[in-house]
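Here is what each chain is made of, one letter per residue.
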Amino acid sequence: MRSPKTALSAALGLGLAAALAAAAPVSAASPSGHTSSHQSTRASIAAYTGSAAEKADTKAFFDAVMKSAMAKMKAHPGLKSVTVTYDASAAPTFKSQISESASIWNGAVQNVKLQEGSGGDFQYKEGNDPRGSYASTDGHGKGFVFLDYQQNQEYNSTRVTAHETGHVLGLPDHYEGPCSELMSGGGPGTSCQNTQPDANERAQVDQLWANGLKRH
């Protein structure tokens, strides 16, 4: 999630082929003791624009999640919805926001469900990064969502995490949209407190994961 001047990296495909830029500032008080020589600042975040390589990396993240989901469907062909598991153990600061984000999406869509599990189809991580928050891969077929402390101090944490999870589910950013659109991210500014996807966003996710990916 980002404002037009706050570029964070995270790109996920809308459908299986498209790679779209995405990202997410986080908000909740940054706990004391979190320091890094690479800590992000307003200037470094604003200067970060992302690159083709980073977009490819975040597409690889979505592909990794989708590959895991398709393997589950192959093992259980009768399933009507896909369960995507996540591991939040490496992001303890945001444990409640991650849990709430999963609940928001689970209550909003029918064809895919999020569930916490050790290892997971993807992980959440936390720390300091001059790029801000982003989605990426670990180079071994696993994806992760990184939540940055600096942004954590500026934006609504649940909105950010739910927004980022929207990318996990295949939605692109739409920064030009109003606060009522979850995927407008930081576009509406730090005053935006909406944490819910709108009807169009919910429909898009259900379409992407329709009938347990049987069309794939």
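Asks: Just to check I follow, could you spell out the overall build of the protein for this structure?
Replies: Looking only at helices and strands, the protein has six helices and five strands in total. Its helices and strands taken in sequence order, the protein reads α-α-β-α-β-β-β-β-α-α-α from the N to the C terminus. A sequence separation of at least 24 residues applies to 69% of the contacts in the protein between residues at least 6 apart. Carbon and sulfur atoms make up 52% of the accessible area of the protein, which totals about 9,100 Å².

Asks: I keep staring at the packing of aromatic side chains and nothing clicks. Help me out?
Replies: To describe a pair of aromatic rings, you give the distance between the ring centres and the angle between the ring planes. Scanning all chains against the criterion turns up four aromatic pairs. An angle of 25° between the planes, with centres 6.4 Å apart, marks the rings of Phe94 and Tyr149 as stacked. Here the residue Phe94 occupies a position in the loop between strand S1 (82-90) and helix H3 (95-108), and Tyr149 occupies one in helix H4 (residues 149-152), the gap between them amounting to 55 residues. Pair check on accessibility: Phe94 and Tyr149 agree, each one buried. Plain terms: the ring middles of Phe122 and Tyr124 are 5.2 Å apart, the flat faces sit at 65° to each other, and that makes the pair edge-to-face. Its relative accessible area of 2% is what places Tyr124 among the buried residues. These aromatic residues form a ring-pair network of at least three members: Tyr86, Phe122 and Tyr124. The ring of Phe144 is capped by Lys125, whose NZ or CZ atom sits 4.3 Å from the centre of that ring.

Asks: For this particular structure, what's the right way to read the nonpolar core?
Replies: Nonpolar side chains tend to gather and get buried jointly when the protein is soluble and globular. By size, the foremost hydrophobic cluster in this structure holds 35 residues, and its most contacted members are Trp105, Phe122, Tyr124 and Trp209. Secondary structure elements with two or more residues in this core: helix H2 (52-75), S1, H3, strand S2 (112-116), strand S3 (122-127), strand S5 (143-148), helix H5 (157-168) and helix H6 (199-208). The dominant element in this core, judged by the number of residues it contributes, is H2, at six residues. Among all residues touching Phe122, those that are not within four sequence positions of it are Phe61, Val65, Val84, Thr85, Tyr86, Asp87, Leu114, Gly143, Val145 and Val168.

Asks: Sorry if this is basic, but what is going on with the state of the cysteines here?
Replies: What we call a disulfide is simply a covalent bond connecting the sulfur atoms of a pair of cysteines. Using the criterion set out here, one finds one disulfide in the structure. The disulfide partner of Cys179 is Cys192, and the gap between their sulfur atoms is 2.0 Å. Between Cys179 and Cys192 the sulfur-sulfur dihedral comes to about 85°; the bridge is accordingly right-handed. With a gap of 13 residues between them, Cys179 in the loop between H5 and H6 and Cys192 in the loop between H5 and H6 connect regions that are remote in the sequence. Relative accessible area serves as the criterion here: at 4%, Cys192 is assigned to the buried category.

Asks: How should the pairing of S3 be read in this particular structure?
Replies: Moving residue by residue along a regular strand, the side chains alternate between the two faces of the sheet. When S1 meets S3, the two strands line up parallel, connected through three bridges. The residue of S3 that forms the bridge with Asp87 is Gln123. Of the pairings in the sheet, the one linking S3 to S5 comprises six bridges and is parallel in character. By the bridge assignment, Lys125 is partnered in S5 with Phe146.

What counts and what doesn't
- Residues numbered from 1 in each chain as written.
- Predicted model: local features only at pLDDT ≥ 70, side-chain atom pairs only at ≥ 80, totals over all residues.
- Heavy atoms only, no water.
- Helix = DSSP H or I, 4+ residues; strand = E, 2+ residues; numbered from the N terminus.
- Contact = heavy atoms within 4.5 Å.
- Areas by Shrake-Rupley, 256 points an atom, 1.4 Å probe, with all protein chains shown as cover.
- Phe/Tyr/Trp six-rings, centres within 6.5 Å; stacked < 30°, edge-to-face > 60°.
- Buried < 20%, exposed > 50% of the residue type's maximum accessible area, 1.4 Å probe, protein only.
- Lys NZ or Arg CZ within 6 Å of the ring centre and 35° of its normal.
- Core = buried A, V, L, I, M, F, W, Y, C linked by side-chain atoms within 4.5 Å.
- Disulfide = S-S within 2.5 Å.
- Pairing = 2+ DSSP bridges.

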